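Chains, contacts and geometry: an overview
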Amino acid sequence: MTDGASPDSVKIAFDNTYARELEGLYVRCTPARSPAPRWLRLNHGLAVELGLEPVELDSPAGLAVLAGNVVPPGADPLAQAYAGHQFGGFSPRLGDGRALLLGEVIDRAGRRRDIAMKGSGATPFSRGGDGKAAVGPVLREYLMGEAMYALGIPTTRALAAVATRAPVVREQVQPGAILTRVAASHLRVGTFEFVAARQDLPLLRRLADYTIRRQEPHLADAPDRHLRLLEAVIARQADLIARWMSVGFLHGVMNTDNMAISGETLDYGPCAFLEHYDPRAVFSSIDNGGRYAFGSQPRVAQWNLARFAETLLPLIDPDETRAAELASTAVDGFAHLFENRFGELLQSKLGLVGQDDADRELAADYLKLLADHRVDFTLGFRRLNDAVAGDEAPLRVLFGKAAEALEPWLDRWRARVHRGVTDSAERLAVMARANPIYIPRNHRVEAALAAAVEHGDLAPFQRLLEVLQRPFDERAEDLAFAEPAPAAETARYRTFCGT
Ligand code: AMP
Ligand code: MG
């Protein structure tokens with residue numbers, strides 16, 4: 001990229017509240033040096049959003065910072081402490097084993113954002129791990145985060161991906177990389193579990209009040225603010241999981257340390273998008289029991305939120321029974337919040353305007369049709385847009401031999417969709433924003449990563465990224481990116497926590 005800037009020219013206006021206010025929840029730590037770093041990708045749009053100078057960042061000085069070789073003035077790099085339930089089992093001490101929080105900035109919209117590095121070397125939490133990350137998973141997280149962002153789903157995002165050119169030993173030796181990640185915060189359910197497991201009530205109160213100031217400031221003076229924090233986090237997760245389910249996103253490793261208190265999607269490890277619709281779908285190589293199957297995500301989220309609620313009990317009410325009652329009422333409310341939100345999203349996807357008691361059934365029946373006939377989830381909805389616009393042929397083609405089974409449902413849907421107050425242009429506009437044509441198809445993602453890792457060829461990655469940044473407008477030149485993978489490929493598709 002460009003050169004000529006002096007090594008001290010990268011200025012980032014850090015303001016590090018986590019380091020200042022949450023002593024006891026981190027260990028200061030410096031990133032490892034990268035011998036000969038090279039850009040993989042810099043996210044200019046996000047840099048601008050953060051109030052950073054993309055041109056300044058896109059320089060040897062910027063590269064030195066994003067490769068961990070220079071700690072910029074004002075940064076206070078630290079590894080965060082957290083615990084977590086992993087596949088149901090509790091680990092009281094996980095923490096950032098290969099990540100560092102550099103610091104926080106206030107973005108151009110006035111929001112506080114974390115800037116953190118992943119793959120920047122060992123920390124006191126590494127537990128025998130090398131603290132490194134490989135190019136493949138780093139680019140995967142970059143792509144997935146940007147795709148989710150473009151789909152309108154709350155998510156952490158990549159500011160940069162840098163190749164370290166140091167080898168990383170996995171099953172095979174891989175080229176190493178560092179991802180710089182931006183998040184509303186990196187507070188996790190596991191952060192609260194870490195403190196609760198130590199029964200450190202003053203620290204718990206400090207953490208909860210910090211979280212409230214940071215993400216729910218309107219609650220700061222409420223006497224019942226900790227219960228209301230719980231409710232707010234539950235509401236954010238209900239919205240998030242409903243959005244995941246509405247685009248066929250499978251997180252794959254919903255451990256409590258991977259659930260962000262902010263309601264952003266966090267940690268793109270073994271995640272994948274559904275091809276044909278199947279609530280039992282599991283892609284992760286380590287999820288043998290199917291704990292984190294696609295259709296289980298709402299239930300798992302509620303389970304994680306129950307673990308979060310338990311950590312807050314001593315703050316919710318001094319009377320233990322009362323605290324437990326209030327907390328479990330809040331957690332039980334998740335199911336209802338999720339159902340409502342998912343119902344709304346499905347209504348938009350089906351182009352149903354206005355309320356009708358039968359809509360829920362109409363939506364459920366469509367999902368059942370998709371499941372029974374293994375129809376592509378994304379196109380199954382997108383082709384309804386064409387149908388509303390007057391062309392039902394692509395939908396029938398998609399259903400193939402099952403087109404006959406579709407007809408009775410189509411009759412019901414047609415009758416319902418043409419009712420309602422708005423004109424068809426408005427209905428179509430709602431559907432156009434609800435039903436993407438481009439999602440990160442697993443075979444496309446793998447091909448882009450393989451080109452980068454095996455041949456150092458970033459062109460397929462750049463091209464896919466461009467396509468995914470505009471997921472809703474159909475473009476003739478990009479139609480190949482909308483095609484599902486061959487069924488056999490999806491059947492053997494496995495993802496890895498591969499770090
Ligand atoms: P993850 O699966 O990425 O959510 O990580 C779970 C835990 O394992 C976290 O505490 C990570 O910091 C830690 N971890 C994962 N990979 C590594 C690694 N290569 N080196 C050190 N710690 C790691
Ligand atoms: Mg994690």
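Residues numbered from 1 in each chain as written. Chains lettered and ligands numbered in written order. Predicted model: local features only at pLDDT ≥ 70, side-chain atom pairs only at ≥ 80, totals over all residues. Heavy atoms only, no water.

1. Overview of the overall build of the protein chain
When you go through the protein chain residue by residue, the secondary structure sums to 18 helices and 12 strands. What you see for the protein chain is a C-alpha radius of gyration of 23 Å, in line with the 23 Å of a compact globule of 499 residues. Principal-axis analysis of the C-alpha atoms gives the protein chain an extent of 65 × 60 × 40 Å. Summarising the internal contacts of the protein chain: among those between residues at least 6 apart in sequence, 72% fall at separations of at least 24. For the protein chain, the computed accessible surface area is about 20300 Å², with 53% contributed by carbon and sulfur atoms. Of the charged side chains in the protein chain, 57 are positive and 65 negative; the average position of the first set lies 3 Å away from that of the second. (Helix = DSSP H or I, 4+ residues; strand = E, 2+ residues; numbered from the N terminus. Rg over C-alpha atoms; globule rule 2.2 N^0.38 Å. Contact = heavy atoms within 4.5 Å. Areas by Shrake-Rupley, 256 points an atom, 1.4 Å probe, with all protein chains shown as cover. Lys, Arg positive; Asp, Glu negative; His and termini not counted. Charge placed at Lys NZ, Arg CZ, Asp CG, Glu CD.)

2. A word on the nonpolar core
Generally speaking, a soluble globular protein has its nonpolar side chains buried in company with each other. Membership of the largest hydrophobic core comes to 129 residues, with the highest contact counts inside it found for L230, Y366, F399, W409 and W413. With 12 residues, helix α8 (residues 225-247) is the largest single contributor of residues to this core. In contact with L230, not counting residues within four places along its chain, are L305, F308, A309, L312, I316, A327 and A330. A61, A67, L102 and A160 belong to the second largest nonpolar core, which has 25 residues in total. (Core = buried A, V, L, I, M, F, W, Y, C linked by side-chain atoms within 4.5 Å. Buried < 20%, exposed > 50% of the residue type's maximum accessible area, 1.4 Å probe, protein only.)

3. What to know about the environment of F14
Considering the arrangement of structural elements, one finds F14 in the segment before α1 (17-21). Judged by its relative accessible area of 14%, F14 falls in the buried class. Between the alpha carbons of F14 and A75 there is a distance of 6.1 Å; along the sequence they are 61 residues apart. The residues touching F14, leaving out its near neighbours within four places in the chain, are P72, P73, G74, A75, L102, G103, E104, V105 and I115.

4. Here we look at the coordination of the magnesium ion (ligand 2)
Coordination of the magnesium ion (ligand 2) by the protein involves N258 (OD1) and D267 (OD), with metal-donor separations of 1.9 to 2.1 Å. The class of N258 is buried, set by a relative accessible area of 11%. A residue is classified by how much of its surface remains accessible, and D267, at 13% relative accessible area, is buried. (Donors = N, O, S within 2.8 Å, 3.2 Å for Na, K, Ca; no water.)

5. A few points about the site of ligand 1
G95, G97, R98, D130 and G131 are the nearest of the 18 residues found near ligand 1. D130 has a polar side-chain atom sitting 3.0 Å from a nitrogen atom of ligand 1. For ligand 1, a nitrogen atom lies 3.4 Å from a polar atom in the side chain of R170. Look at ligand 1: alone it shows 480 Å² of surface, and the protein chains cover 84% of it. (Near = heavy atom within 4 Å. Polar contact = N/O pair within 3.5 Å; in protein donor to acceptor, adjacent residues only side chain to side chain.)

6. Quick look at helix α7 (residues 201-215)
The end-to-end C-alpha distance of α7, which contains 15 residues, comes to 21 Å, matching closely the 21 Å that a straight helix rising 1.5 Å per residue would cover. Within the span of α7, buried status applies to L203, L204, L207, A208, D209, Y210, T211, I212, R214 and Q215. In this structure, the buried residues of α7 make contact with α1, β6 (99-106), β7 (112-118), α6 (189-197), α8 and α9 (297-316). The distance from a side-chain oxygen at the start of α7 to the backbone nitrogen of L203 is 3.1 Å, and the residue carrying that oxygen is D200. (Expected span 1.5 Å × (residues − 1).)

7. Side note on the packing of α9 against helix α10 (residues 320-350)
Closest axis-to-axis distance for the α9/α10 pair is 9 Å, and the angle between their directions is 155 degrees. If you check the angle between α9 and α10, you find them roughly antiparallel. Here the hand of the crossing between α9 and α10 comes out right-handed. In this structure, α9 contributes P298, A301, Q302, L305, A306, A309, L313 and I316 to the contact, and α10 contributes A323, A324, L326, A327, V331, D332, F334, A335 and F338. Classifying every residue of the contact of α9 with α10 gives 15 nonpolar, 1 polar and 1 charged. (Axes fitted to C-alpha atoms, helices over the stretch in contact; angles between N-to-C directions. Parallel < 35°, antiparallel > 145°, perpendicular 65-115°, else oblique. Left-handed = near helix turned anticlockwise from the far one by under 90°. Nonpolar A, V, L, I, M, F, W, Y, C, P; charged D, E, K, R; others polar.)

8. Quick look at the pairing of strand β9 (residues 157-169)
Counting buried residues along β9, 10 of its 13 residues qualify, which places the element largely inside the surrounding structure. Examined bridge by bridge, strand β2 (residues 38-42) and β9 share 4 bridges and lie antiparallel to one another. Counterpart to R41 in the pairing with β9 is A161. Two elements, β9 and strand β10 (residues 173-183), share 9 bridges in a ladder whose sense is antiparallel. Of the residues in β10, the one forming a bridge with R157 is V182. Two successive antiparallel strands, β9 and β10, enclose a turn made up of 3 residues. (Pairing = 2+ DSSP bridges.)

9. Some points on the side chain of H276
By the secondary structure assignment, H276 is in the loop between β12 (272-273) and α9. You can call H276 buried: its relative accessible area is 18%. For H276, the side chain forms a polar contact with the side chain of R374, separated by 3.3 Å. When near neighbours in sequence (up to four residues on either side) are disregarded, H276 contacts R374, V375, D376, F377 and T490.

10. Side note on the packing of aromatic side chains
Using the criterion set out here, one finds 18 aromatic pairs in the structure. The interplanar angle of 50 degrees and the centroid separation of 6.0 Å between the aromatic rings of Y18 and Y26 together place this pair among those described as tilted. Accessibility expressed as a relative area gives 11% for Y26, which makes it buried. Ring centres of Y366 and F399 lie 6.3 Å apart, and the angle between their planes is 40 degrees; on these two criteria the pair is classed as tilted. Of this pair, Y366 sits in helix α11 (residues 359-372) while F399 is found in helix α13 (residues 393-399), placing the two residues 33 residues apart along the sequence. The exposure class assigned to Y366 is buried, which follows from its relative accessible area of 0%. Accessibility expressed as a relative area gives 4% for F399, which makes it buried. Aromatic ring contacts, followed pair by pair, group Y277, F294, Y366, F377, F381, F399, W409 and W413 into a single cluster. Above the plane of the ring of Y82 lies R188, whose end atom (NZ or CZ) is 4.1 Å from the centre. (Phe/Tyr/Trp six-rings, centres within 6.5 Å; stacked < 30°, edge-to-face > 60°. Lys NZ or Arg CZ within 6 Å of the ring centre and 35° of its normal.)

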